Amino acid sequence: MNAVRTVLGDLPAERLGVCDAHDHLFFGSPRLPGQELNSRSAARAELAAFRAQGGDAVVQWTPYGLGRRAADLPLLSREAGVRVVAATGLHQDVHYDKATLDGLRHRLAEVFVAELTEGIGTSGVRAGLVKVAGGFHALDAHTRWTMAAAAEAHHATDAPIAVHLELGTGALDVVDLLCGELGVPPHRVILGHLNRAPDGVVHRQAAEAGCWLAFDGPSRAHHATDWRMPDAVRALADAGFGDRLLLGGDTTTAAARSVDGGPGMPYLLRRVRPRLALAVGEELVARILAENPGRAFGVEWR
């Protein structure tokens, strides 16, 4: 039976509910000084606001070393009544210091597998996905190293692999590497940020390959292409790929949280959902939010 690995334990995939398939409750990077998501009370308020709009689940893509605060996630999930999925994985090298990367050099896959099967640190909270990242129109040595480790962890556990595409680029190179060279089944690969590069040809080729396509915005930092999202989703739906689509909010800075005046998690359901419904119909949007995420993150855990 396929199950989603939440911070409160494994859950049958069909019970995940209305899901923000890519977001962050906690996140911190030296590239975003002063904008860290590190407030437990703000995270609780954001989940409550999402729940008030009809949300049931949030997948946090925050990977290793960027302030996941895994130990806080179970209580937050219980308090808000929202299912939460945590991530292992590694972001681009610019988010880490050299000592951190050197310490992982020969054991990265081992760390991923341990966090998926045993728990993150001493928290006992198991991750439910591996998050990695590509570069801008490129796959550098760091990307190839992290994706090779992610593929190894997938083959050991069946975990899904979620990919940050820098400004939405490089999707087909990622597919060639993960699914071609490294043998990860396409239906276990989630391509993120495609809304940031609204190239319909690339979107369709990635969908034809069998991957999941995540349209995970908007935010104040990535608003320039948001207005193209309904057309992109409609084109994919018309081509028969409505069952490969995911939606998320990707709140990465304090200013982007709804409790701090930004769009935040509830915006996905308050504004994005009805806007997409005008383009593709309420029935498909409901499936994208409430059925597709369970299929994307629900796996046969090993």
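For the structure itself, look to the data block above.
This text gives an overview of the structure that appears in the document. (Residues numbered from 1 in each chain as written. Predicted model: local features only at pLDDT ≥ 70, side-chain atom pairs only at ≥ 80, totals over all residues. Heavy atoms only, no water.)

## Digging into the overall build of the protein
The condition that has to hold: Under the DSSP-based scheme used, a helix requires at least four consecutive residues in state H or I and a strand at least two consecutive residues in state E, with every element numbered from the N terminus. What the globule rule says is 2.2 Å times the number of residues to the power 0.38, and the radius of gyration is computed from C-alpha atoms. The buried label applies to any residue whose accessible area, calculated with a 1.4 Å probe on protein chains only, is under 20% of its type's maximum; exposed applies above 50%, and partly exposed to all values in between. What makes two residues a contact is simply this: any of their non-hydrogen atoms within 4.5 Å.
Along its length, the protein carries 11 helices and 11 strands. Relative to the globule expectation of 19 Å for 302 residues, the C-alpha radius of gyration of the protein, 17 Å, shows essentially globular dimensions. Along the first, second and third principal axes, the C-alpha set of the protein runs to 50 × 40 × 40 Å. Relative to its full complement of 302 residues, the protein shows a buried share of 57%. At a minimum sequence separation of 6, the contacts of the protein that also span at least 24 residues come to 76%.

## Description of unusual backbone geometry
Phi at R69 takes a positive value of approximately 50°, unusual for a residue other than glycine. When you line up the elements, R69 lands in the loop between β4 (57–60) and α2 (73–80). Look at D250: it is not a glycine, yet its phi comes out positive at around 55°. Among the structural elements, D250 can be located in the loop between β11 (245–248) and α9 (266–280).

## Observations concerning the environment of L165
By secondary structure assignment, the location of L165 is in the loop between β8 (161–164) and α6 (171–181). L165 sits in the buried class, given a relative accessible area of 0%. Considering only alpha carbons, one finds L165 and A133, 32 residues apart in sequence, at a separation of 6.1 Å. Excluding residues that lie within four positions of it along the chain, L165 makes contacts with G170, A171, V174, L191, G192, H193 and L194.

## Observations regarding the packing of helix α1 (residues 40–52) against α2
Worth spelling out the cut-off: Orientation is described by lines fitted to C-alpha atoms, with helices fitted over the stretch in contact, and by angles between N-to-C directions that extend from 0 to 180 degrees. Oblique is the label for any angle not covered by the other classes, which are roughly parallel (under 35 degrees), roughly antiparallel (over 145) and roughly perpendicular (65 to 115). For a crossing to be left-handed, the near helix must be turned anticlockwise from the far one by less than a right angle; the clockwise case is right-handed. Classes in brief: Ala, Val, Leu, Ile, Met, Phe, Trp, Tyr, Cys and Pro nonpolar; Asp, Glu, Lys and Arg charged; the others, Gly included, polar.
Put simply, α1 and α2 touch, their axes get as near as 9 Å, and they point 40° apart. Taken as axis vectors, α1 and α2 run oblique relative to one another. Here α1 runs over α2; the crossing is right-handed. Taking contact as the criterion, the partners of R40, A43, R44, L47, A48 and R51 in α1 are, on α2, L75, L76, E79 and A80. Looking at side-chain class alone, the contact of α1 with α2 contains 6 nonpolar, no polar and 4 charged residues.

## Concerning the packing of α9 against helix α10 (residues 282–290)
To characterise two packed helices, one gives the angle between the axes of the helices and the distance between these axes. Close contact between α9 and α10 brings their axes to 7 Å; oriented N to C, the two are set at 135°. For the element pair α9 / α10, the angle class is oblique. Considering the relative orientation of α9 and α10, their crossing is right-handed. The residues of α10 that touch α9, namely those facing L268, L269, R273, L276, A277 and V280, are E282, L284, V285 and L289. Of the residues that constitute the contact of α9 with α10, the class distribution is 8 nonpolar, no polar and 2 charged.

## Describing the pairing of strand β9 (residues 189–192)
To keep things clear, this is the line we draw: Two strands make a pair as long as DSSP finds a minimum of two bridges between them. Orienting the strands away from the viewer, one traces the path from the first strand over the helix to the second; a clockwise path indicates a right-handed crossover.
Burial of the side chains of β9 extends over both faces: V189 and L191 are buried on one face and I190 and G192 on the other. Relative to β9, β8 runs parallel, the two sharing 4 bridges. Bridge pairing in β9 places V163 opposite L191. Following the backbone out of β8, through α6 and into the adjacent parallel β9, one traces a crossover that is right-handed. Note that β9 and strand β10 (residues 212–216) share 2 bridges and pair parallel.

## So, α2
Spelled out, the test is: An arc is given here, and it is the one of the directions from the helix axis to the C-beta atoms.
Buried residues of α2: L73, P74, L76, S77 and A80, and no others. What you see down the axis of α2 is that its buried residues fit within an arc of 165°, all on one side. In this fold, the buried residues of α2 make contact with α1, β4 and β5 (83–85). Looking one or two residues beyond α2, the residue adopting positive phi is G81, at roughly 70°.

## A look at the nonpolar core
As a reminder of what qualifies: Buried residues of nine kinds, namely Ala, Val, Leu, Ile, Met, Phe, Trp, Tyr and Cys, make up a nonpolar core once their side-chain atoms join them within 4.5 Å.
Counting residues in hydrophobic clusters, the biggest one holds 79 residues, and the most contacted among them are L47, V130, V163, L178, L191 and F215. If near-sequence neighbours (up to four positions away) are discounted, L47 is found in contact with L25, V58, L76, A80, V82, V84 and M265. Within the second largest apolar cluster, 19 residues are counted, among which are V4, A57, A162 and L246.

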